[in-house]
Each structure stands twice: as structure tokens, then as C-alpha cells.
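Each chain is listed here by its residues.
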Amino acid sequence: MPENLPIVQHWIGGATVDSNSGRTAPVYDPALGKQTKSVALADRSEIDAAIVAASAAFPAWRDLSLAKRQAIVFRFRELLNARSRELAEIITSEHGKVVSDAAGEVARGLEVVDLATGFPHLIKGGYSSNVSTGVDVYSIKQPLGVVGIISPFNFPAMVPLWFFPIAIAAGNTVVLKPSEKDPSAAIWMAELWKEAGLPDGVFNVLQGDKLAVDGLLNAPEVRSISFVGSTPIAQYIYETAAKNGKRVQALGGAKNHMLVLPDADLDLVADSAINAGFGSAGERCMAVSVLLAVEPVADELIGKIEERIATLRIGDGRREPDMGPLVTEAHRDKVASYIDIAAADGATVVVDGRGIEVDGEADGFWLGPTLLDNVPTTSRAYTEEIFGPVLSVVRVESYEQGVELINSGQFGNGTAIFTNDGGAARRFQTEIQVGMIGINVPIPVPVAYYSFGGWKDSLFGANKAYGPAGFDFFTQEKAITSRWLDPSHGGINLGFPQN
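Only a predicted model underlies this, so the values are computations on that prediction, with no experimental measurement involved.

Cut-offs and rules
Residues numbered from 1 in each chain as written. Predicted model: local features only at pLDDT ≥ 70, side-chain atom pairs only at ≥ 80, totals over all residues. Heavy atoms only, no water. Salt bridge = Lys/Arg side-chain N within 4 Å of Asp/Glu carboxyl O. Helix = DSSP H or I, 4+ residues; strand = E, 2+ residues; numbered from the N terminus. Buried < 20%, exposed > 50% of the residue type's maximum accessible area, 1.4 Å probe, protein only. Pairing = 2+ DSSP bridges. Axes fitted to C-alpha atoms, helices over the stretch in contact; angles between N-to-C directions. Contact = heavy atoms within 4.5 Å. Core = buried A, V, L, I, M, F, W, Y, C linked by side-chain atoms within 4.5 Å. Phe/Tyr/Trp six-rings, centres within 6.5 Å; stacked < 30°, edge-to-face > 60°.

1. A short note on the pattern of salt bridges
Thinking step 1. The full count for this structure, using the stated rule, is 32 salt bridges.
Thinking step 2. As a salt-bridge pair, aspartate 472 and lysine 141 come within 3.6 Å of each other at their nearest N and O atoms. Note that aspartate 472 is positioned in helix H16 (residues 467-473) and lysine 141 in strand E7 (residues 135-143), a separation of 331 residues in sequence.
Thinking step 3. You can call lysine 141 partly exposed: its relative accessible area is 24%.
Thinking step 4. Arginine 319 is the salt-bridge partner of aspartate 359, the closest N and O atoms lying 2.7 Å from each other. With aspartate 359 in the loop between strand E15 (348-351) and strand E16 (370-373) and arginine 319 in the loop between helix H11 (298-309) and helix H12 (329-344), the pair connects residues that are 40 residues apart, well separated along the chain.
Thinking step 5. Connected through salt bridges with shared partners, the residues Asp267, Asp271, Lys304 and Arg308 form a single ionic network.

What follows is the structure, encoded as C-alpha cells:
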């Protein structure tokens, strides 16, 4: 390991806390292909310290008036909006995605902060007067307590922002465990909360690996777990946390299809396939990885996609190319291995992204856009989540065959149909067994006031992210039945009522 590199530490109780665990992991700049810093990996005492800090901060934060809580969320929103470029550059330095793409990630996360600023309306209860003579029944929503968030490498800002603004606004305290591959964005956001006036201990960042994950899953003080990542880990998170009596929202992997009908605008389809297949180097759970072409459009569509790939510039994300590197060398090599798998299974490699010329250092973790044709549906290149810039074309004879392929798959995260036939689109949205649907929209990530989540092995449990589901997840409801035998008087006060 290179010497004298900075170490990304924990944020506990409102300040940076240096780790004494003696364990670290490397953090790379993917465009340079070299380690630029290390990240601390928590031991048991540091896990406990983060949970204790969050537990200690909870009563006062829960009891703070909604008006004062809302003011802090508004200040965080304004600071994040003003300094979003700074966060985007941090993301690019550790993840590798193009700076403008990272800025887009922050902007989508900011949408959830916007939603969270309106939380008083979203955590209101209900009231029924005189359900029986002199008896009223009403409900109130209260926070859970300490909540754990475990986020993936591909969106080090946006995915945590799906959860913690809502959790904090609703009165909870947070322990965030970011990916050890790109840990600095979480610390930057913790410092921003501090600047916004958030009390110490309400938001904590615990750097670590599986030990930290298991610490959150097994701690009785942690009331809920929010997770986004691969399906095997999502299943583990769900089963372990649920066994320990916690609420869980565990979002897993995907194999997203785009069904193209013969009447579709093929130029729009080709542009969308490029954007959805290769944006963020394909390292996103909503990326399109399979294009189902209803014949006879496949040859023409492949030609249009191939032409567009030839125009793409791959390079260091700070230089604003079209696509950056993959996050690590190991992940790059794993993604590239699927090209050989597909070819061995009989697919045609139309465009091979290996060995491309790039606008960046030779040692970067590069893999260019790759296009495969006639991929067998039995191939691992078709059935498994690749999580990289590899787009597979599967030729089908009909709408029905395409729907059957999508519905028979393991995953059900996102899918899209491209057509000018409204009847076909309406039928598709009803028949398809997937949680998020795009109609002539390749990446149908819902806006913040709806909720994000898939079906089947793309979501474990019933709790989706953000939107109304997010506020339901981070609050618990009480129903109160009351009867007052005598009226109470508050005295005389002619002043304007204040919070």
C-alpha cells in the first residue's frame, strides 16, 4: 500500500473520529488506476460508538418542534444546492463517472431533500370526532429512533439521499455505512448537515465493511435498515434484519429490458439505448442491459446503435467525456469476462469495448461500450446482472414473446417499451411484472413524490424508497382514543399564535 495517503475516517457525534481499528481499505481514482487514499474500517468499539451517539441524540431531536426541524432541513437543502458541483467532483474522483453525470446524481438526490422540506404535511395523522358520545379517535405518526442506511458504490450521494433526508425530517437519527469504494461523499454531506445546524449525533457516518454491516443488522438499538445493492446481499440484509425484528427496505439487483416494437421511432430508440445502456458506464441498477427487438427491426436498429457508439468519447470524467471508467480493476475485469461468455455461447460481438483508445491515463479501469447481438437467453450474459457497459440484443418475433421473456426473469426492477401504439403501451404497463415502467422512457426512475422499488428479486420486503413509502417506513403510527369529561381553558392571550 502506498505510504502517507490520507485516510477517510468516521463521522460520529458531529465530528471526525479517527479510527483505532488498524484496518483500512484502498480507495482508487478509477481514471488514474491508482490508489489515492484509504478508508478506515470500523471495529466493534467504533460501531458501538456510532450507535450510542445516534441513540443519545434521538430524544432531543424527536422532541424538537416541527418548525425548527424544518428550518434545518431547508438550510441543508440550500447548502447542497449551492455547492452541488463540489460534491460531484468528489464523486468523480472516487467513482469515476463523468462530472456532469455526478452532478445529475446530486440533482436527483436533491429532489428527495425538496420533498423532505415539506415533511410536516407528510407525517400528519388523522382525526375522527365523536365516534361515540364524547369520544374522539385520532392517529399520530412518530419516528422510529436510530435507523441504519447501507449504500452502494454506484451512487455515493443519490442513494443515501433517498433515505436520510426523510429519516431525519421525520425525527429519526441516522447511522450511514457508505461503500468503502467511494466513502468521501458521505463525510462531505455530514459536514454540510453540521453547517446547516443539525444537532450532533443526528447524522453519523460509519466507514467499514461486512463487520460494520453486521453490527448495524444485529444492534437492538437500530430500528430499521435501508439498503441498495446486489440481490444476494439484499436478501442477506433482509433476512438478517427481519430476524432481528427490524423494519427493512432492501433493494436488490436488476436485468432491465427495453422492448422495441416495429412501429417505434428507431432513432429515438438508438439514442435511448446508448443513454440507458452506457451512461455511468452501465453501473446503475436501472441501466438497460437487454434490448428486445421485435423483428424485422433488429438489423436497422443495431446499425444505428453501432454508428452512435463510434462517436462516443471515453475518458477521465473530469475532462467531460461521454463515459468514464469502471469503479475498480476487479469489477472492470468481471464485466469484460461476460463478453467472452456471450461469444462462447454463440452471440455476435458487434462492438467490443476492450482495448479502446481513451482520453485518460493508460492504467485507468477502462472498458468501452460493448454491443452484443443474438445473445442466447440461456447465456449467463443474459441471465446475470453485468453492471457495466454491455448491451445485449435479443431478437423476438412478437410483443407476446418479449413480454414472456421479461416476466420469466428473476428480476423485476425497471423496464421500458418503445412504441407509437397507445394500446400496446397500455397493455404492457398492465401485463408486465416489473415495479417501474417506462413508455418511450428508457430509465423510468420515479420523481421524488412517488416511490422507487422493483418486484421479485429486485426488492425484499414491501418497503420502497422515498416518496410516500419513505415517510411510512420511517414513522410508526399510534391510534389514540380519548374522552374528556370537562372542557379545559387556556386563558386569555390576544397575541398571534406561534409555534
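Next comes the rest of the write-up.
2. Quick look at the sheet that holds strand E13 (residues 256-260)
Thinking step 1. In space, the seven strands of this open sheet follow the order E15-E16-E17-E14-E13-E19-E20, with mixed pairing throughout. Here the strands that pair on one side only, and so sit at the sheet edges, are E15 and strand E20 (436-439). Each neighbouring strand pair of the sheet contributes to a mean axis angle of 20 degrees, computed without reference to strand direction.
Thinking step 2. As judged from the four bridges shared by strand E19 (residues 414-418) and E20, these two strands associate in the parallel manner. From the neighbouring strand, alanine 416 faces E20, where its bridge partner is glycine 438.
Thinking step 3. Sheet strands touched by H12: E15, E16 and strand E17 (390-396). Its angle to E16, the strand with the most contacts, is close to 20 degrees.
Thinking step 4. Running over the sheet, helix H15 (residues 422-431) touches E13, E19 and E20 and is turned about 165 degrees from E19.

3. Let's talk about the nonpolar core
Thinking step 1. The biggest cluster of nonpolar side chains holds 70 residues, and the ones touching the most others in it are Leu80, Trp162, Phe164, Phe203 and Phe452.
Thinking step 2. A per-element tally of this core places helix H6 (residues 158-169) first, with ten residues.
Thinking step 3. Contacts of phenylalanine 164, omitting those with residues within four sequence positions, involve Phe76, Ile149, Val174, Met189, Trp193 and Phe203.
Thinking step 4. Counting 61 residues, the second largest nonpolar core, distinct from the first, contains Leu301, Ile302, Leu326 and Val393.

4. Describing the sheet that holds strand E5 (residues 34-40)
Thinking step 1. Strands sit in the order E1-E5-E4 across an open sheet of three strands; the sheet is mixed. Only two strands of the sheet have a single neighbouring strand rather than two, namely strand E1 (7-8) and strand E4 (24-29).
Thinking step 2. By the bridge criterion, two bridges tie E1 to E5 in an arrangement that is parallel. Directly across from valine 8, in E5, lies its bridge partner valine 39.

5. Some thoughts on the packing of aromatic side chains
Thinking step 1. Here the structure, examined in full by the defined rule, presents 14 aromatic pairs.
Thinking step 2. Aromatic pair phenylalanine 76 and phenylalanine 164: ring centres 6.2 Å apart, planes at 75 degrees, arrangement edge-to-face. One end of the pair, phenylalanine 76, is in helix H2 (residues 66-82); the other, phenylalanine 164, is in helix H6, and 88 residues separate them in sequence.
Thinking step 3. Ring centres of phenylalanine 76 and tryptophan 193 lie 3.9 Å apart, and the angle between their planes is 10 degrees; on these two criteria the pair is classed as stacked. Residue phenylalanine 76 is located in helix H2, and its partner tryptophan 193 is located in helix H7 (residues 184-196); the two are separated by 117 residues in the primary sequence.
Thinking step 4. A residue is classified by how much of its surface remains accessible, and phenylalanine 76, at 0% relative accessible area, is buried.
Thinking step 5. With relative accessibility at 1%, the residue tryptophan 193 sits in the buried group.

Just distances and angles here, no functional claims.
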